[in-house]
Amino acid sequence: MEKVVEVNFGPQHPSTHGVLRIKVKLDGEIIVDAQPVIGYLHRNAEKLSEMGLYPKALIYMDRLDYVAALNMELGYILSVEKLMDVETPERAQWIRMMMVELNRIASHLVWLGTHGLDMGMLTPFFYCWRERERVLRIFDEITGSRLLYNYFAIGGVYSDVTPKGLEMIKEFVNTFPDRLEEIQSIFQKSYIYAKRTKGVGKLSLEDAIGYGVTGPLLRASGLKWDLRKNQPYLFYDKVNFEVPVYSNGDVYSRFLVRIEEMRQSVRIVKQVLEKLPDGEFYNKKYAKPMLVRMKGNGESYVPTESPKGEFGVYVIGDGSTIPYRVRIRSPSFANLQAVSIMLKGYKIADLTATVSSIDPVFGEVDR
């Protein structure tokens, strides 16, 4: 029997997707233990959110999962609106739904492109970045920003969707499915990609539930659980879409889940475009003079389905204009717990594929 050695993988390694350190114990090439070490990116977002007015905390939400910033904003906004019993115009809610689904596509494209790089595939990275750029241009047109938006507001959104923005969205949803098919075929026609992902990094449904795993990881392990369907918010109960589920629980299944989720997001956005009503995009009761006087009392939590899994913000109000407590439930933080069991028994060469399949973003892990 060979001597067991301990190796540090990261935190500066490019394929650890940020600043993740994994302490790996190896028996030859076989992983006998792997422990994730986090905290290298900690920025104290929760405490900072407790030091200013309710609307000001939104900028810290943007910087959690920064490739899905609108999904982060939504979790906080819905929780605060529930706390304050805020009424949001119907048009604003449809706009929010359309924007977070576009952001889901953009987030998955970042994952898919970098996942390809982790597997040694350069071409699909450029294909994915090309499509993501189209989404970012839509966001730039509507929100004025490309990455960190500060777009959702308590009581609506800060600006209406422009006619040009709507045309850009229509053009995107009409052409993206064919381009996604092309990207998917690059992966699936690669014999090397199949060998490196099928049967690798397996996570059983029992373990997934036990570790609190959510999102694509959970659905790739066989559980049809999506908060948009199971606990609908916004108007998800008024649109038709499917929840993709695969039962193998390996890296390849997670790839298939995210590909199909992008197709379903396109389907949702098309329906939003058809149903988008006229009207106000913002509750004028909460215009700027009111922002500094907005008070919350009690506690609230609204779970949402972010691209990585369940995201929500638990907020406690003490009757003042500043939140008493803000605690974030971030999906990647919980999903990373399963790294040990996903890697044990596999080769060190399988580590990159497995960690990549989790799609961790450390802004929301370390917070």
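Residues numbered from 1 in each chain as written. Predicted model: local features only at pLDDT ≥ 70, side-chain atom pairs only at ≥ 80, totals over all residues. Heavy atoms only, no water.

Trainee: I keep staring at the overall build of the protein and nothing clicks. Help me out?
Mentor: Within the protein, the regular secondary structure consists of 16 helices and nine strands. Summarising its shape, the C-alpha atoms of the protein cover approximately 70 × 45 × 30 Å along the three principal directions. Out of the 367 residues belonging to the protein, those deemed buried represent 57%. In the protein, of all internal contacts separated by at least 6 residues, the share reaching a separation of at least 24 is 72%. With the model as given, the accessible surface of the protein reaches about 15,000 Å², and the carbon-plus-sulfur share is 52%. Across the protein, the mean location of the 48 positive side-chain charges is 2 Å away from that of the 45 negative side-chain charges. (Helix = DSSP H or I, 4+ residues; strand = E, 2+ residues; numbered from the N terminus. Buried < 20%, exposed > 50% of the residue type's maximum accessible area, 1.4 Å probe, protein only. Contact = heavy atoms within 4.5 Å. Areas by Shrake-Rupley, 256 points an atom, 1.4 Å probe, with all protein chains shown as cover. Lys, Arg positive; Asp, Glu negative; His and termini not counted. Charge placed at Lys NZ, Arg CZ, Asp CG, Glu CD.)

Trainee: So what exactly am I meant to see when it comes to the side chain of Asp250 here?
Mentor: Here Asp250 shows up in the loop between helix 10 (227-230) and helix 11 (251-275). It turns out Asp250 is buried and unbridged, and the closest side chain with the opposite charge, Lys202, is 5.8 Å from it. Among the polar contacts listed, one links the side chain of Asp250 to the backbone nitrogen of Gly199, at a separation of 2.8 Å. Those residues in contact with Asp250, other than ones at most four positions away along the chain, are Thr197, Lys198, Gly199, Val200, Gly201 and Lys202. (Salt bridge = Lys/Arg side-chain N within 4 Å of Asp/Glu carboxyl O. Polar contact = N/O pair within 3.5 Å; in protein donor to acceptor, adjacent residues only side chain to side chain.)

Trainee: Please clarify how the packing of helix 4 (residues 90-118) against helix 6 (residues 163-188) should be interpreted in this entry.
Mentor: The interhelical angle for the contact between helix 4 and helix 6, taken along N-to-C directions, is 25°, at an axis separation of 12 Å. It follows from the interaxial angle that helix 4 and helix 6 lie roughly parallel. Both helix 4 and helix 6 take part in a crossing whose hand is left-handed. Between helix 4, through Met98, Leu102, Ile105, Leu109, Leu112, His115 and Gly116, and helix 6, the contact on the second element is made entirely by Leu166, Ile169, Phe172, Phe176, Ile183 and Phe187. The class makeup of the residues in the contact of helix 4 with helix 6 is eleven nonpolar, two polar and no charged. (Axes fitted to C-alpha atoms, helices over the stretch in contact; angles between N-to-C directions. Parallel < 35°, antiparallel > 145°, perpendicular 65-115°, else oblique. Left-handed = near helix turned anticlockwise from the far one by under 90°. Nonpolar A, V, L, I, M, F, W, Y, C, P; charged D, E, K, R; others polar.)

Trainee: Whenever I open this one, the packing of helix 5 (residues 123-143) against helix 6 confuses me. Can you help?
Mentor: To describe two helices that pack against each other, one gives the angle between their axes and the distance between the axes. Running from N to C, helix 5 and helix 6 cross one another at 165°; their axes reach a closest spacing of 10 Å. As summarised for this structure, helix 5 and helix 6 are arranged roughly antiparallel, according to the angle between their axes. Here helix 5 runs over helix 6; the crossing is left-handed. Partitioning the contact of helix 5 with helix 6 into residue classes produces 13 nonpolar, three polar and nine charged.

Trainee: Help me out: how do you make sense of a nonpolar patch on the surface in this one?
Mentor: A contiguous nonpolar patch, built from Val4, Ile30 and Val32 and spanning about 190 Å² of accessible area, is present on the exposed surface. Along the chain, the position of Val32 falls in strand 3 (residues 30-37). According to the relative accessible area criterion, Val32 is partly exposed, its value standing at 31%. (Patch = residues over 30% accessible without salt bridge, like charges linked within 9 Å, V, L, I, M, F, W, Y side chains within 5 Å.)

Trainee: Help me understand the packing of aromatic side chains in this model?
Mentor: Each aromatic ring pair is characterised by the separation of its centres together with the angle its planes make. Taken as a whole and assessed by the stated rule, the structure comprises 14 aromatic pairs. Ring plane angle 35° and centroid distance 4.8 Å describe the contact between Trp94 and Phe235, whose orientation is recorded as tilted. Taken as a pair, Trp94 in helix 4 and Phe235 in the loop between helix 10 and helix 11 lie far apart in primary sequence, 141 residues in all. Across the pair, Phe235 and Trp94 agree in class, each one buried. With a centroid separation of 5.2 Å and 70° between ring planes, the pair formed by Tyr233 and Tyr236 is classed as edge-to-face. In this structure, Lys198 is placed above the aromatic ring of Tyr252, and the distance from its NZ or CZ to the ring centre is 4.7 Å. (Phe/Tyr/Trp six-rings, centres within 6.5 Å; stacked < 30°, edge-to-face > 60°. Lys NZ or Arg CZ within 6 Å of the ring centre and 35° of its normal.)

Trainee: Explain the environment of Ile38 here, please?
Mentor: Here Ile38 lies in the loop between strand 3 and helix 1 (45-49). For Ile38, a relative accessible area of 34% gives the class partly exposed. Along the sequence, Ile38 and Lys229 sit 191 residues apart, while their C-alpha atoms lie 32 Å from each other. Leaving out residues up to four positions away in the same chain, Ile38 has contacts with Leu20, Phe333, Leu336, Phe362, Val365 and Asp366.

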